[in-house]
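# A closer look at the structure
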Amino acid sequence: MDQILFFFEKLFDSSDWPPRWHCGRWTEFHGWLYLISDLLIWSAYFSIPLVIIKYITRKNDTQFLKLYILFAAFILACGATHFLDAVAFWQPYYRLSALVRFITALLSWTTVYYLIKFLPIAFSLRSQNELQIEITRRMKVEEEMRNLNVMLEQLVDARTLELQKSLKMISDYKYALDESSIVTITDQQGTIKYANENFCKIAKYNSGELVGQNHRIINSGHHSAEFIRGLWVTISEGKIWRGDFKNKAKDGTIYWVDTTIIPFLNDERKPYQHIAIQSDITGRETGVEALRRSEMRFRKIFDSKIIGFLFCDSKGNIIEANDFFLDMIGYTREDLAEGRVHWVNMTPPEYAYLDQIALKQIELTGTSQPFEKEYIRKDGSRIPVLLCAASIDGNNTDKSVAYIMDITERKKAEEEIYRLNETLEMKVKDRTIQLEFANKELEAFSYSVAHDLRAPLRAIHGYTNILLSEYSKDFDEEGKEMMNSVLNNSKKMGQLIDALLDFSKMGKKELQASFVDMTQIAGAALQELKNSLLSVTAKITVHPLLPVRADENLIRQVFLNLLSNAIKYSGLTANPEIEINSYYEETEVVYCIKDNGVGFDMKYSDKLFGVFERLHKGAEFEGTGVGLALVKRIIARHGGRVWANAEMGKGATFYFSLHKSM
């Protein structure tokens, strides 16, 4: 053990041996030949591992890597021994040389071990000739593969193009189907997997609300269980089902669809999903339903006891008739079936020309004007009827339907009306004579009032004025008041007589209707009142009034009377105001005169427009009690209305209306 430790302690000590130049008899040539040879061997041994390492680092899949590494280490160790032999000529490191040689021995035998292990494998590898043959074969295969790849790519391109065309065609089919039809796809249980936009529109659901739901979501309950069961049996057998469906949308509305359900089959020929292609036929079904209801209504009318119906041709044959017509003419259904009922034979000769006219009208226009005629009943009696006929087919005027109404009762009523009219005409003539006589007497009375009553009134008024002017000194104050009272009352009596004459003449005047500027008429009436009255203190506002057709003079009288009343009854108000306005109300134009005067109690409004009817005392407000009655008569002659609204102490509003078309 001590020797080993001493060995390693003196590993780099060369003092125990002389340099090799001094051992033995070396010539210059011999010594340098030995040195150069060792150095060349060492440099070669060091180059070989570098080449091996360079080769190994360039290949990622080098075989026998351990063997290469051992061989490189063995060569390096051998080179190191030759290098130390050359160095020994100057520095004899024999201990280091012995250690390197020992390491070289270990590496040598390890390399031998791996050579024995890997050489059989290495020798089993193919030779260069075999590899060349394999490479040639593989290159040929690769060329064939490249050719096949080119062919495959061409085939794939062709198939891809065909597939793109097929997909384009399928896309076009789907677009056409989605644009023209209502489409849904369901699985074999009826769960919706797809619904196109048209389906969503008609069902009023969005796609998210439909997908995943059962098709019963739109079931209207109209179809029977047998109908639904038959549908499912058909498509479960892989057969196509066609029919009409009545469905219910989200908002409860009903719609009809013409439906074709096509099952998609798997490899076992079993349906795995269904596509339903539908068309909206709601309008058609609505029309069919309307036609069905129309037919039912016609059948009810045809079978009713209201009016007679018959289907006939132009030759007189009656093809069909309802019981009401047969009862009307006294024939039975057996007579009709056996051909004994002919409308030509039942028509009296004097009415035959009317039938010919009706046939000509049907030929020209498809229908005849209603006309009256008579039929000869089976028992020979006659029955008056109102008849109208029309062509059943516009292209074939030979077949017609006729509507016959029994007018026996109407004829009786007409005869009674004719008789009553004759009696009434006689009574009207008598009443006209009486009215003419009464009018003449009324005119005579009016003249009597105008002349006979005015004369004594003028005398009373005149003599009273003389007494007051010439003999007033002989009367005390009370006497003078009495004389003034006589004058005032005689004046009022004269005004009353004038008002009565105007009122009586009003019914005789003819209306002279023309287009009237109502604003101008109201302004003129107001100016006339201002000229005749001592003072008008009221603030009067005349708004632009709607024009109308009326008698200008009479309407001016209406404004005069209503405005004078408004001025009179608002005279005691601190700030009297009067407003005139108009507006449309349906077929009328309404005019109103509003004041803020004393007003009146509406419970007496029914007396407002009567002759001599006054709602205020004469001592408070002067007047004859005829003005509003005259207004009512004038407006009534125009076909209008007059009315008023008021409240005690808050004023009154008087209205009158005239027709727009007046």
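Residues numbered from 1 in each chain as written. Predicted model: local features only at pLDDT ≥ 70, side-chain atom pairs only at ≥ 80, totals over all residues. Heavy atoms only, no water.

Helix and strand counts for the protein come out as 18 helices and 17 strands. In the protein, 56% of the contacts between residues at least 6 apart in sequence involve partners at least 24 apart. If you sum the accessible surface of the protein, you get close to 42,700 Å²; carbon and sulfur atoms cover 58% of it. (Helix = DSSP H or I, 4+ residues; strand = E, 2+ residues; numbered from the N terminus. Contact = heavy atoms within 4.5 Å. Areas by Shrake-Rupley, 256 points an atom, 1.4 Å probe, with all protein chains shown as cover.)

Quick look at the sheet that holds strand β15 (residues 588–595) now. What the five strands build is an open sheet, ordered β12-β14-β15-β17-β16; its pairing is mixed. Two strands lie at the open edges of the sheet, namely β12 (539–542) and β16 (641–647), each paired on one side alone. With direction set aside, neighbouring strand axes in the sheet form an average angle of 15°. Pairing analysis gives seven bridges linking β16 to strand β17 (residues 651–659), with the strands arranged antiparallel. Along β17, the bridge assignment pairs E647 with G651. (Pairing = 2+ DSSP bridges. Axes fitted to C-alpha atoms, helices over the stretch in contact; angles between N-to-C directions.)

A side chain with one charge may pair with a side chain of the opposite charge, provided their charged atoms come close. Within this structure, the stated rule accounts for 31 salt bridges. Between K201 and E197 there is a salt bridge whose closest N-O contact spans 3.7 Å. Highlighted residues: K201 and E197, both in helix α6 (residues 197–203), separated by four residues, approximately one helical turn. In this structure, K373 engages D355 in a salt bridge whose closest nitrogen and oxygen atoms are separated by 3.0 Å. (Salt bridge = Lys/Arg side-chain N within 4 Å of Asp/Glu carboxyl O.)

A word on the pairing of β15. For β15, the buried fraction is high: seven of the eight residues fall into the buried class. Pairing analysis gives eight bridges linking strand β14 (residues 577–585) to β15, with the strands arranged antiparallel. Residue pairing in the sheet places E579 in a bridge with K594 of β15. Where β14 folds back onto β15 in an antiparallel hairpin, the turn is made up of two residues, including E586, whose phi is positive at roughly 55°. Note that β15 and β17 share eight bridges and pair antiparallel. Note that in β17 the partner of D595 across the bridge is A652. (Buried < 20%, exposed > 50% of the residue type's maximum accessible area, 1.4 Å probe, protein only.)

The next thing to look at is the packing of aromatic side chains. One pass over the full model with this rule turns up 21 aromatic pairs. Arranged with centres 5.2 Å apart and planes meeting at 80°, the rings of F309 and Y403 form a pair that is edge-to-face. With a gap of 94 residues between them, F309 in strand β6 (residues 308–313) and Y403 in strand β10 (residues 396–406) connect regions that are remote in the sequence. By relative accessible area, F309 is classed as buried at 3%. Both rings, one in Y591 and one in F656, keep their centres 5.2 Å apart while their planes meet at 20°; by these two values the pair is stacked. In this pair, Y591 is assigned in strand β15 and F656 in strand β17, connecting sequence segments 65 residues apart. (Phe/Tyr/Trp six-rings, centres within 6.5 Å; stacked < 30°, edge-to-face > 60°.)

Glancing now at a nonpolar patch on the surface. On the surface, M1, I4, L5 and F8 cluster together into a nonpolar patch covering about 450 Å² of accessible area. Looking at where I4 falls in the secondary structure, it is placed in helix α1 (residues 2–9). (Patch = residues over 30% accessible without salt bridge, like charges linked within 9 Å, V, L, I, M, F, W, Y side chains within 5 Å.)

Next up on the list: the packing of helix α17 (residues 552–569) against helix α18 (residues 627–637). Where α17 contacts α18, the axes come no closer than 9 Å and their chain directions differ by 150°. Crossing angle aside, the handedness with which α17 passes α18 is left-handed. Touching L554, I555, Q557, V558, N561, L562 and N565 of α17 are G627, L628, L630, V631, I634 and I635, all from α18. Of the residues belonging to the contact of α17 with α18, the class tally is nine nonpolar, four polar and no charged. (Left-handed = near helix turned anticlockwise from the far one by under 90°. Nonpolar A, V, L, I, M, F, W, Y, C, P; charged D, E, K, R; others polar.)

The next thing to look at is a negative patch on the surface. On the surface, a cluster of negative charge is made up of D476, E477, E478 and E481. Its place among the elements puts D476 in the loop between α14 (408–470) and α15 (477–506). (Lys, Arg positive; Asp, Glu negative; His and termini not counted. Charge placed at Lys NZ, Arg CZ, Asp CG, Glu CD.)

Before going further, it helps to examine the confidence of the model for the protein. Of the residues in the protein, 82% have a pLDDT of 70 or more, and the chain-wide mean is 80. Of all the helices and strands in the protein, α15 carries the lowest mean pLDDT, 63, while β15 carries the highest, 92. (pLDDT = per-residue confidence, 0-100.)

The next subject is the sheet that holds strand β2 (residues 192–195). Within the open sheet, the five strands sit side by side as β2-β1-β5-β4-β3. Their pairing is antiparallel. The sheet terminates laterally at β2 and β3 (241–248), the two strands that pair on one side only. Ignoring strand direction, the axes of neighbouring strands in this sheet form an average angle of 30°. Helix α8 (residues 225–236) rests against β3, β4 (254–265) and β5 (271–280) of the sheet, and its axis sits at about 135° to β3.

On to the packing of helix α2 (residues 28–58) against helix α3 (residues 65–87). Running from N to C, α2 and α3 point in directions that differ by 160°, and their axes come no closer than 8 Å. Regarding the angle of α2 to α3, the classification is roughly antiparallel. Between α2 and α3 lies a crossing of left-handed hand. Among the residues making up the contact of α2 with α3, the classes are represented as 22 nonpolar, two polar and two charged. (Parallel < 35°, antiparallel > 145°, perpendicular 65-115°, else oblique.)

Spanning 23 residues, α3 covers 33 Å between terminal C-alpha atoms, matching the ideal 33 Å at 1.5 Å per step. Along α3, the residues that are buried comprise L67, L70, A72, I75, A77, C78, G79, T81, L84, D85 and A86. (Expected span 1.5 Å × (residues − 1).)

Our next topic: the nonpolar core. Grouped together as the largest cluster of nonpolar side chains are 41 residues, with contacts concentrated most on M518, F559, L563, I593, F654, F656 and L658. Of all the secondary structure elements, the ones that give two or more residues to this core are α16 (518–532), β13 (548–551), α17, β14, β15, α18, β16 and β17. In terms of residues, this core owes the most to one element, α17, which gives nine residues. Those residues in contact with L658, other than ones at most four positions away along the chain, are M518, V548, A550, I555, E588, V589, Y591, I635 and H638. Among the nonpolar cores identified, the runner-up in size contains 26 residues, and C312, W343, I362 and A402 belong to it. (Core = buried A, V, L, I, M, F, W, Y, C linked by side-chain atoms within 4.5 Å.)

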